[in-house]
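# Inside the fold
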Amino acid sequence: MLYCSNFVRGQDPETGSTKPESPVKHSEKKTSAGGRFKAFTLPPILKRRSKGNTDTSASDDPDTSIVISPPPQEVLTFEQNLQRNCLDVAGQQLIDKEEYLYGQVSEEVSQFNTEWEMEKEQLASDHQDLLSHIDLTVKSSLSLDKDGLQALKSAVKAILQEEEQDRRWLNQDGKRPAWRPSECRHHHNTVLKSLVEERMVNAELSPEESNELRSSLQRDVCGKGRCLQKDLLRVVKEVKGCYPKDMDICNLYGKMYHQAFSTEIRKILEYGLGMADCSYLLYWVNVAYPEILQNPDLKKEINWVQTLLNKMLKDVEQAWREGSESELRDNCYFSPLAIDVIQCINAAVISIETVLEDTSKVQIIVCLLKDFLNSYKQFQEKVIKGVNQKNSRTVIMANLACVEQFRDYIVKKADIFPLDVKECCLSIIADLKNCGYTFLTSPIHKDLKSQYKALGTPVWLEKKHVFETLLKGISEHIQDLKGLTDTCHQELLSQLHLEVTVEYVRRLLQRKIKLRDKEMQEQAARSVCEDGQRLHELFTEAGSRQEWLSEVLAKIAEVLRLQDISSIQLEIATLSQTYPDLSEIQVSALLNLKSNLSASAVKRVKKTFVVNQDTTSSRDTPSFFSMVVHIRKLAS
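Residues numbered from 1 in each chain as written. Predicted model: local features only at pLDDT ≥ 70, side-chain atom pairs only at ≥ 80, totals over all residues. Heavy atoms only, no water.

The name an unreviewed UniProt entry assigns to the protein is Tumor necrosis factor, alpha-induced protein 2b, from the organism Esox lucius. Under the UniProt heading Sequence similarities (unreviewed entry), the entry covering the protein gives this text: "Belongs to the SEC6 family." (UniProt positions renumbered as here; feature names shortened; annotations may be inferred.)

Okay, here's the thing in structure tokens:
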């Protein structure tokens, strides 16, 4: 029994469909197209599976119908598909053979056949040939004729097929081919970037145009600008049709050309410029280049604003990775990012309002700010995780100043933002602020951990120096919080004030002390009340605006001081009304500090709390007790 393999060298002569290639005893036969395919004898294990199969083509009943077979179609081998630039078909042939050679069947067949590995080696070689043809086609993207554009379209399909095959292998066990993942799409972008940079470097004017300019610098700048314009117009008119919409090829090219052009301009600036050349360069940067970007054909396909915003953020991230410290201005760490982004957005808004005379269109531009802020958030997350970057602290401080500027801009320009976009932007900004402040306060809490541990213990109650040491440590850290704008400094201190108070209550409710009698409970109440007052004074004098925190510890102290059950019930009810996020577990922990309370008394107070909690209105009150976590639940 012979098996004709056509994955790579050909296809099924009758159906044209692809079938697995077996690497066993083969002979070569010519196809109708002059190519070759291999015929193999099945190994014993696969032959056994064929037993029982009978030829049902013959029939006892005579068939009087006449069947006219269609003329045989030309069957192309892998090599022929490459030569004809049918790269997606050739790529699918390789994927089909890959599925067979590296699938379950290979594990059974390989132990009977020594040529199996040779077929895998051939497949690897063919795969490399395919990638080389894809590379050559992509490299020629900007100089293709009609047939060449069809080849590019086929190459793009092959890239997407490779990408899908990479994903399939990620979800499978077993030995995968050495070339998986092939990361074809990433390589495609790298090839395009190299192509664009090369064209920018080698861009030249025609002799006629060159003669009209005075200096080599002017000819160089003009040549690069003309090349950029010509190439991008070709992209939007011809190359775009070879790519699926989700690859956003026009904006990809736009971003690459903008970066390459900017790089070339910066190189020119490294040389001393005469007055004429300097004026010409300024003309190109401020007039000619923006006019190219406003070309109607380019403008409708390439989002230059988004490209510029992405470039700005990329530059900031690159500076952080290189270890650059944020600039210090007026004793505050500063980044020009927010100013640059806002100016870019404003310029686009003004341009649309002026040219289109339609204010509704500006919403398209301001919506880009939401995408930018999401990218900015991702960048900040990288900074926070970059523990080995010594400049992360100053970068976060500069980021917080930028976030403040973005917030002010959105609030001031609220009328041009769709409501959902505005709310989304402000939500992202709130996340950026909270993450930034937490990054700055976390080392403080880590340093104060040993002082925190003593809170709510017998030592804390007996010796005043325990809280004094904590207060001193907090004061020293407050003095070190420099480099923020006044608003950010105030917000940071407010958050630290809240976090310290939360930690104080959490430690107290861990029940490391038993207040056995009235005297101990009154002593603890005085300590909690005094500690709360001193914390409040320290933070508010430094700049915190969390005035309401002064009442939290005072109300807890009052519960500790009271002895009459009815009075305790009333105070717990007042506490839950003031702070609706107070939980039953936390009430239990607080009451169990008063170890002279009977179980029935505790139940009475808790019952009152539960009843009162059901009737508490969800008014606009600050959250506090929801942040007091990790309190052990006592057995009932």
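Still more to cover.
## A closer look at the overall build of the protein
Secondary structure assignment for the protein yields 26 helices and 5 strands. The 636 residues of the protein split such that 47% are buried. Partitioning the intrachain contacts of the protein with sequence separation of at least 6 by distance along the chain shows that 75% fall at a separation of at least 24. Working note: accessible area of the protein is about 34000 Å², and carbon and sulfur atoms make up 50% of it. (Helix = DSSP H or I, 4+ residues; strand = E, 2+ residues; numbered from the N terminus. Buried < 20%, exposed > 50% of the residue type's maximum accessible area, 1.4 Å probe, protein only. Contact = heavy atoms within 4.5 Å. Areas by Shrake-Rupley, 256 points an atom, 1.4 Å probe, with all protein chains shown as cover.)

## Brief notes about the nonpolar core
Core analysis: the largest hydrophobic core is formed by 101 residues, its most contacted members being F372, Y376, F406 and F625. Split by domain, the residues of this core number at least three in each of domain 3 (304-435) and domain 4 (455-627). Excluding residues that lie within four positions of it along the chain, F372 makes contacts with L309, L313, L337, V341 and F406. (Core = buried A, V, L, I, M, F, W, Y, C linked by side-chain atoms within 4.5 Å. Domains from an automatic or database assignment.)

## Here's the deal with the packing of aromatic side chains
A full pass over the atoms with the stated rule returns 15 aromatic pairs. Consider the rings of F624 and F625, whose centres lie 5.1 Å apart with planes at 80 degrees: the pair is edge-to-face. Taken together, the ring pairs connect W320, F372, Y376, F379 and F406 into an aromatic cluster. Residue placement shows K120 over the ring face of Y102; its charged tip is 4.4 Å from the ring centre. (Phe/Tyr/Trp six-rings, centres within 6.5 Å; stacked < 30°, edge-to-face > 60°. Lys NZ or Arg CZ within 6 Å of the ring centre and 35° of its normal.)

## What about the pattern of salt bridges?
Applying the stated criterion across every chain yields a total of 29 salt bridges. When the shortest N-O distance is used, the salt bridge between R168 and E99 registers 3.6 Å. Within this pair, whereas R168 is found in helix α6 (residues 146-170), its partner E99 is found in helix α3 (residues 87-101), the two being separated by 69 residues in sequence. Residue R168 is classed as partly exposed on the basis of its relative accessible area, which comes to 32%. Beyond isolated ion pairs, a larger network of salt bridges with shared partners links E98, E162, D166 and R180. (Salt bridge = Lys/Arg side-chain N within 4 Å of Asp/Glu carboxyl O.)

## Considering unusual backbone geometry
Looking along the chain, the bond that leaves R180 and enters P181 is cis, with omega of -5 degrees. On the secondary structure map, P181 appears in the loop between α6 and α7 (184-202). Despite not being glycine, E183 shows a phi value in the positive range, around 50 degrees. By the element assignment, E183 lies in the loop between α6 and α7. Residues other than glycine seldom take positive phi values, yet R511 does so here, at roughly 60 degrees. By secondary structure assignment, the location of R511 is in the loop between α21 (486-508) and α22 (518-542).

## What to know about the packing of α3 against α6
Where α3 contacts α6, the axes come no closer than 7 Å and their chain directions differ by 20 degrees. In this view, α3 runs roughly parallel relative to α6, as classed from their interaxial angle. Facing L87, D88, G91, Q92, I95, E98 and E99 of α3, the residues of α6 in contact are A151, S154, A155, K157, A158, Q161, E162, Q165, R168 and W169. A breakdown of the residues in the contact of α3 with α6 according to their chemical character gives 6 nonpolar, 5 polar and 6 charged. (Axes fitted to C-alpha atoms, helices over the stretch in contact; angles between N-to-C directions. Parallel < 35°, antiparallel > 145°, perpendicular 65-115°, else oblique. Nonpolar A, V, L, I, M, F, W, Y, C, P; charged D, E, K, R; others polar.)

## Considerations on the packing of helix α16 (residues 392-412) against α21
Viewed as axis vectors pointing N to C, α16 and α21 meet at an angle of 105 degrees, and their least axial separation amounts to 9 Å. Put simply, α16 runs roughly perpendicular to α21. In this structure, α16 uses L400, A401, E404 and R407 to contact α21, whose residues at the interface are T487, C488 and E491. Of the residues belonging to the contact of α16 with α21, the class tally is 3 nonpolar, 1 polar and 3 charged.

## Description of a positive patch on the surface
There is a patch of like positive charges on the surface, built from K446, K449, K453 and K512. By secondary structure assignment, the location of K446 is in helix α17 (residues 419-447). (Patch = residues over 30% accessible without salt bridge, like charges linked within 9 Å, V, L, I, M, F, W, Y side chains within 5 Å. Lys, Arg positive; Asp, Glu negative; His and termini not counted. Charge placed at Lys NZ, Arg CZ, Asp CG, Glu CD.)

## Digging into the side chain of Q451
Among the secondary structure elements, Q451 is positioned in helix α18 (residues 449-453). In this structure, Q451 is in contact with T469 and L470, ignoring residues within four places of it in sequence.

## A closer look at the environment of L152
Checked against the element boundaries, L152 lands in helix α6. The spacing of L152 and S140 is 12 residues in sequence and 8.6 Å in space, taken between C-alpha atoms.

## Quick word on the environment of K153
By the element assignment, K153 lies in helix α6. Linking K153 and L87, residues 66 residues apart in sequence, is a C-alpha distance of 9.0 Å. When near neighbours in sequence (up to four residues on either side) are disregarded, K153 contacts G241 and C242.

## Remarks on helix α25 (residues 584-593)
α25 sits mainly inside the fold: 7 of its 10 residues count as buried. When α25 is considered as a whole, its buried residues turn out to be Q586, V587, S588, A589, L590, L591 and L593.

## Brief notes about the confidence of the model for the protein
Here the protein shows a mean pLDDT of 82. Residues at 70 or above account for 83%. Low pLDDT, under 50, characterises residues 1-65; the predicted model gives this stretch 133 contacts beyond four residues in sequence or across chains. (pLDDT = per-residue confidence, 0-100.)

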